[in-house]
Amino acid sequence: MPHLFFCLQAQQLANWYTSSPSAQHLPLCKLWLFDNSLGDAAAAALAPLIGPHTSELHLSHNQIGVEGAKALLAAVPLQRAKGLKPLWFRVEWNQVDQGELRRFIQQDCAARGLVVDIAEEVPVSERPNRTDSKGRELNLSWNKPWQEVHVQMPWLSCQRAPPAEAAVLQAAKAVWSRRGQLNGAAAAAAGPAEAAVDSSRASRSIGSAAADQRTASAPQQQHQQVSRPFSGGSRYGGVVAAAAALDSREQVTLPLVQTPPPPPPRSAAAAPAVVSSSSVLNGAADTSAAAAAAPAPPAVKYQDGPLMLFLDT
């Protein structure tokens with residue numbers, strides 16, 4: 001998303017440069033503002049900075065659309081400085097619609113005499129074996145000599161795709177919209193059938209009390225009742241058919257309460273002490289042997305030292 005702060009900064013920069021007296025003595029030659037999230041508004045605000053001496057305009061990776069590119073091309077003057085090469089205009093890796101921009105160049109720019117040359121990529125088999133920046137420029141093929149051109153646009157075909165929905169989401173939306181149309185058509189065609197359904201429901205409501213009484217007297221038969229599919233040309237036919245198909249499947253009823261696992265066996269250390277009958281008769285339990293057999297807990301000794309606190313952040 002374009003940043004509003006950069007848009008305001010671009011507007012302030014353009015206002016300062018155009019209103020400054022030093023602009024006539026210090027013409028703008030190169031403007032490098034790539035990867036700043038400018039957008040169309042900031043690009044249009046930078047258009048007054050382009051002059052006859054401007055040789056490079058690097059605005060790649062800025063989320064600029066076709067409107068921003070049009071505003072910049074419309075600001076390029078026809079009179080170039082003597083001996084100056086064409087304007088090196090870079091707007092790759094943005095969101096520029098190439099087809100619309102090419103039509104703008106062929107119609108509007110050509111109408112006012114501005115010649116724009118868009119580079120083509122050289123096939124991989126014909127490219128020179130160089131990996132530096134100059135080698136990248138050698139991979140471009142131009143349509144006209146640079147002496148006859150006002151603007152050169154390299155790597156215009158390298159653009160970011162605008163945000164769009166995934167293909168699976170578009171397919172799902174198409175299916176649900178088609179289903180909604182079919183349901184609407186079925187509802188319109190099932191008008192007379194709905195009246196017959198309402199009359200049948202009214203007739204069945206008379207015997208509802210008797211049916212409730214029979215259900216209360218025989219609750220064990222509820223699990224054996226099977227609903228009959230609704231017959232008729234109404235829009236509920238598909239739903240009832242699907243419900244009948246689900247009822248025909250084998251269903252497995254799981255118990256709601258599971259039996260807890262048995263407790264683990266007690267260890268020998270946790271076994272209760274055995275008291276002899278003779279000791280009970282004498283009024284005292286023979287626990288001296290058990291106490292002597294039990295190991296004594298080790299004594300804990302502490303040493304003096306510094307206090308250390310660990311704060312949980």
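In what follows, the accompanying structure is described.

Definitions and limits used
Residues numbered from 1 in each chain as written. Predicted model: local features only at pLDDT ≥ 70, side-chain atom pairs only at ≥ 80, totals over all residues. Heavy atoms only, no water. Helix = DSSP H or I, 4+ residues; strand = E, 2+ residues; numbered from the N terminus. Expected span 1.5 Å × (residues − 1). Buried < 20%, exposed > 50% of the residue type's maximum accessible area, 1.4 Å probe, protein only. Contact = heavy atoms within 4.5 Å. Polar contact = N/O pair within 3.5 Å; in protein donor to acceptor, adjacent residues only side chain to side chain. Core = buried A, V, L, I, M, F, W, Y, C linked by side-chain atoms within 4.5 Å. Pairing = 2+ DSSP bridges. Axes fitted to C-alpha atoms, helices over the stretch in contact; angles between N-to-C directions.

The subject of this paragraph is helix H4 (residues 98–111). Taking 1.5 Å of rise per residue, 14 residues should cover 20 Å, and H4 covers 19 Å from first to last C-alpha, within 8% of that figure. Regarding H4, the residues found buried are Leu101, Phe104, Ile105 and Cys109. Buried-residue contacts for H4 involve helix H3 (66–74), strand E4 (116–118) and strand E7 (151–153). Regarding H4, its N-cap is Asp97, as a side-chain oxygen of that residue lies 3.3 Å from the backbone nitrogen of Gly99 further along.

The biggest cluster of nonpolar side chains holds 36 residues, and the ones touching the most others in it are Leu73, Phe89, Leu101, Val151 and Met153. Breaking this core down by element, the ones donating at least two residues are helix H1 (4–19), helix H2 (39–45), H3, strand E3 (87–90), H4, E4 and E7.

With that out of the way, let us pick up the side chain of His150. As for its position among the elements, His150 is in the loop between strand E6 (140–141) and E7. Of the polar contacts made by the side chain of His150, one reaches the backbone oxygen of Leu78; its length is 3.3 Å. In contact with His150, other than residues within four places in its own chain, are Pro77, Leu78, Arg80, Pro86, Leu87, Gly113, Leu114 and Val115.

Bringing the pairing of E3 into the picture now. A two-sided burial pattern is seen for E3, the buried positions comprising Leu87 and Phe89 on one face and Trp88 and Arg90 on the other. Two strands pair when backbone bridges link them, and E3 and E7 are joined in this way by two bridges, in the parallel orientation. The residue of E7 that forms the bridge with Trp88 is Gln152.

Here we come to the side chain of Gln159. Position of Gln159 among the secondary structure elements: in the loop between E7 and helix H6 (167–189). Polar side-chain contacts of Gln159 include one of 3.1 Å to the backbone nitrogen of Asn94. At 3.0 Å, the side chain of Gln159 forms a polar contact with the backbone oxygen of Leu156. The residues touching Gln159, leaving out its near neighbours within four places in the chain, are Val91, Glu92, Trp93, Asn94, Gln95, Val96 and Gln98.

Turning our eyes to something else, we now look at the sheet that holds E7. What links the strands of a sheet is backbone hydrogen bonding, and the strands pair in either a parallel or an antiparallel sense. The parallel open sheet is built from five strands, whose spatial order is E1-E2-E3-E7-E4. Two strands in the sheet have a free side with no partner beyond their single neighbour: strand E1 (30–32) and E4. For this sheet, the mean angle separating the axes of adjacent strands, direction not counted, is 15 degrees. Relative to E3, strand E2 (residues 56–58) is paired through three bridges, and the arrangement is parallel. Bridge assignment links His58 to a residue of E3, and that residue is Arg90.

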